[in-house]
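Descriptive structure summary
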Amino acid sequence: MAVSQKFLLRVYLTTDVVVKVSLTKRPESVEELITILREKLNPRLDFEFTLQYEDPDFDGQLTCLLDIQELPEKGTLKVVRSESDVSSCASSDTDILPHVPLAQRLKCWPDTFPVPTFSYEVEHLLEEGNRAFEMSGKHLKLTRAQKHNILETMASAMHTFKAYPSDGDVGLAAEALVTTHPCLKEPGSRNGSYGWKTSLKFKMGNYRTKLARSGCVEVSVNAGRRSVNNTEGEHPHSNIKRARRAEVNYLPNFPRGEDQVSLEDMRVQIKNEVEKTEPNKVMIEKLMQTTFALRRHEIVQDNPMVKNFLEKWPALRFDSQVSICAEFHRVTNINLRNQFYAELDRHTPRLMALYRRKAARTGKISEALRTILNHYDLQAPDINVKRTAVLRALPVYLREEDPEFFKTCNADTLDESTLIDTPVALLTVVTDGASQTSPVHFTSSSMAIVEEGDLVMRDIPRFADAFALLFGLIYALHLDYPRKLVHTFTFVQKFFMGLDDGKPLKPCLHALKNDLLLKE
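Keep in mind the model is a prediction, meaning the values are calculated, not measured. (Residues numbered from 1 in each chain as written. Predicted model: local features only at pLDDT ≥ 70, side-chain atom pairs only at ≥ 80, totals over all residues. Heavy atoms only, no water.)

Some words on the overall build of the protein
Broken down by element type, the protein carries 17 helices and 9 strands. Partitioning the contacts of the protein with sequence separation of at least 6, the portion at a separation of at least 24 is 63%. For the protein, the exposed surface amounts to about 26,300 Å²; the carbon and sulfur share of it is 50%. (Helix = DSSP H or I, 4+ residues; strand = E, 2+ residues; numbered from the N terminus. Contact = heavy atoms within 4.5 Å. Areas by Shrake-Rupley, 256 points an atom, 1.4 Å probe, with all protein chains shown as cover.)

Concerning unusual backbone geometry
Excluding glycine, most residues fall at negative phi; most peptide bonds, likewise, are trans. A positive phi angle is found at A246, which is not glycine, with a value near 65 degrees. Structurally, the position occupied by A246 is in the loop between α6 (217-220) and α7 (260-274). Judged by relative accessible area, which is 9%, A246 ranks as buried. Even without being a glycine, N303 presents a positive backbone phi close to 50 degrees. When you line up the elements, N303 lands in the loop between α9 (292-302) and α10 (306-312). Residue N303 is classed as exposed on the basis of its relative accessible area of 60%. (Buried < 20%, exposed > 50% of the residue type's maximum accessible area, 1.4 Å probe, protein only.)

Topic: the sheet that holds strand β7 (residues 424-430)
If you trace the 4 strands from one edge of the open sheet to the other, you get β6-β7-β8-β9, paired in mixed fashion. Strand pairing shows two members of the sheet lacking a second neighbour, β6 (406-410) and β9 (454-460), which therefore form its edges. Between one strand and the next, the sheet's axes are offset by a mean angle of 25 degrees, whatever the strand orientation. Two strands pair when backbone bridges link them, and strand β8 (residues 446-451) and β9 are joined in this way by 4 bridges, in the antiparallel orientation. Paired with I449 across the two strands is M457, which belongs to β9. (Pairing = 2+ DSSP bridges. Axes fitted to C-alpha atoms, helices over the stretch in contact; angles between N-to-C directions.)

A look at the nonpolar core
Counting 81 residues, the largest nonpolar core has F340, Y355, L426 and F471 as the members making the most contacts within it. In terms of residue count, the dominant contributor to this core is helix α15 (residues 463-476) (11 residues). Taken domain by domain, the makeup of this core includes at least three residues from each of domain 3 (260-318) and domain 4 (343-517). Not counting the four nearest positions on each side in its chain, F340 is found in contact with L391, A464, F467, A468, V492, F496 and M497. Membership of the second largest hydrophobic core comes to 31 residues, among which are V170, L184, W196 and V219. (Core = buried A, V, L, I, M, F, W, Y, C linked by side-chain atoms within 4.5 Å. Domains from an automatic or database assignment.)

Overview of empty space enclosed by the protein
Taken as a whole, this structure holds 1 cavity of 30 Å³ or more when the rule is applied. In this structure, the largest cavity encloses a volume near 40 Å³. Looking at the largest cavity, the residues that line it are I299, P304, M305, V306, F309 and L477. Per-class residue counts for the lining of the largest cavity are 6 nonpolar, no polar and no charged. (1 Å grid on protein atoms, 1.4 Å probe; cavity = no way out; pocket = protein on both sides within 12 Å on 5 of 7 lines; lining within 4 Å. Points joined across faces, edges and corners; volume = space filled by probe spheres on them. Nonpolar A, V, L, I, M, F, W, Y, C, P; charged D, E, K, R; others polar.)

A look at the pattern of salt bridges
Scanning the model with the defined rule gives 21 salt bridges in all. Close ionic contact of R462 with D465 constitutes a salt bridge, the shortest N to O distance being 3.1 Å. Since its relative accessible area comes to 32%, R462 is described here as partly exposed. Taking relative accessible area as the criterion, D465 reaches 5% and is therefore assigned buried. (Salt bridge = Lys/Arg side-chain N within 4 Å of Asp/Glu carboxyl O.)

Structural notes on the sheet that holds strand β3 (residues 49-55)
One open sheet accounts for 5 strands, arranged β2-β1-β5-β3-β4; its pairing is mixed. In this open sheet, the two strands that pair with only one neighbour each are β2 (18-23) and β4 (61-64). Here the strands of the sheet are splayed against their neighbours by 35 degrees on average, with no regard to which way each runs. In the sheet, strand β1 (residues 7-12) pairs with strand β5 (residues 74-81) via 5 bridges, with the strands oriented parallel.

Regarding the environment of G257
Residue placement: G257 occurs in the loop between α6 and α7. Taking the relative accessible area as the measure of exposure, G257 reaches 77% and is therefore exposed. For the pair G257 and D59, spaced 198 residues apart in sequence, the C-alpha to C-alpha distance is 9.6 Å.

A few points about the confidence of the model for the protein
This prediction gives the protein a mean pLDDT of 85; 88% of its residues lie at or above 70. When mean pLDDT is taken per element in the protein, helix α16 (residues 486-496) scores highest with 95 and β4 scores lowest with 80. Across residues 83-102, confidence stays below pLDDT 50; counting only partners more than four residues off in sequence or on other chains, it has 70 contacts. (pLDDT = per-residue confidence, 0-100.)

A few points about α9
Burial within α9 is extensive, with 9 of its 11 residues counted as buried. Every buried residue belonging to α9 is among F292, A293, L294, R295, R296, H297, E298, I299 and V300, and all of these are buried. Structurally, α9 contributes buried residues whose contacts are with α6, α7, α8 (281-290), α10, α11 (320-332) and α15.

Points about helix α12 (residues 336-359)
Helix geometry: α12 is bent most strongly at T348, by close to 50 degrees, with proline P349 lying one to four residues after it. The element α12 is extensively covered by neighbouring structure, given that 19 of its 24 residues are classed as buried. Between the side-chain oxygen of the N-cap and the backbone nitrogen of R337 there are 3.3 Å, and the N-cap of α12 in question is N335. (Bend = angle between axes of the 7 residues up to and from the residue. Polar contact = N/O pair within 3.5 Å; in protein donor to acceptor, adjacent residues only side chain to side chain.)

The following block contains the structure:
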């Protein structure tokens, strides 16, 4: 008797939400599979998406599912929201763009650190110790080998999130350890975890040394500094190359089986494909994914000029709005557009209220806000108009204003030679008859992004799109925030994008955070 073919699929809806789906037979096409998933997982999949699967031919790296025959009987799928879907009602349940291979990090530092499982001996000891602590309050005394196992395992788990965790991150990990295993609390410590925190700091340093010796690029890039045996090296605590803005994949290793020569060959292949009349977008995307580590090595270690780098990697200009979003996702594992618009729209009512309250007062800042809001009040109600007003007024509210950043030019008289001395700018392109001196344009013909005097992106339809893409470009190319708008971009990073780097907020941002969270 023939046994019917059964398909068992593990489907990632987000990086944190995974469901199991069983099919009685192979669908006729990829489109039919998408329809089946919509029906089974409604309403979680009420948006346009494609599918990727873990390809065994490439060591489980993600590959676009184009042919239904490639679908394994038992495999893992990931839902990829289409970049064209910029719905403002996006939520964390559907924010996923899994461009990141499984070998790279998939998450930022969690709010609650997940304590790993230790060796069988230590787990058994902790179980007995926790039971004794609950009954009599007796603390567990560990041998040196047992404590070493706990610290080594914790350091390995911490490294899966960050190679260089901050003081606060290590403190959270130590608190999670003594909360999970209360028998490890230190009676002489204020919170019961101070000693563990200190030990974890030293153990992370030792763990990074081991990784550097094994060739892990993320930490070996900082090796060879000044020491007793190398008195001429760079100072050990200066210019450390590490993630500083909550990047998840800051400096990944090359993919398994690849080296700089093979990845360079792929780069040349990408360049040749982009120059074709009808380039293969799927192949370009696959090659860009594989060569991500090579780009990060060049960006972090060589710090190239933006123009030179984009000439070397023209795929970042080709279909640039999609390419930059994909590259941002590889670095942070966050969907740029979905996250940006969802949080922007969520905070818009409260921000507009704060702007109007500030504009009702006297002073230079209040007058500038009044001008922007007066222009806004003359426009027809529209979500894009509201987004433009919120983003344009944000630096004014934070007492940051850079006339060189917000530039305006006429579509017929745009001269790129006049932008040579511009470090970074959002360029509003207006039509004839529009005032170029207006502080904000709600109906511009298009937007463009200028970086290091080069017009890197153009024909962007809306102001909010341009702002989000500039933020993505800064992460993709490891650029500094505009010097006079640091607070504005830090606010976008931490409040809109949820990329908390663990650094304390400046007073103006802390005050704005309190005002946003204040219930009236």
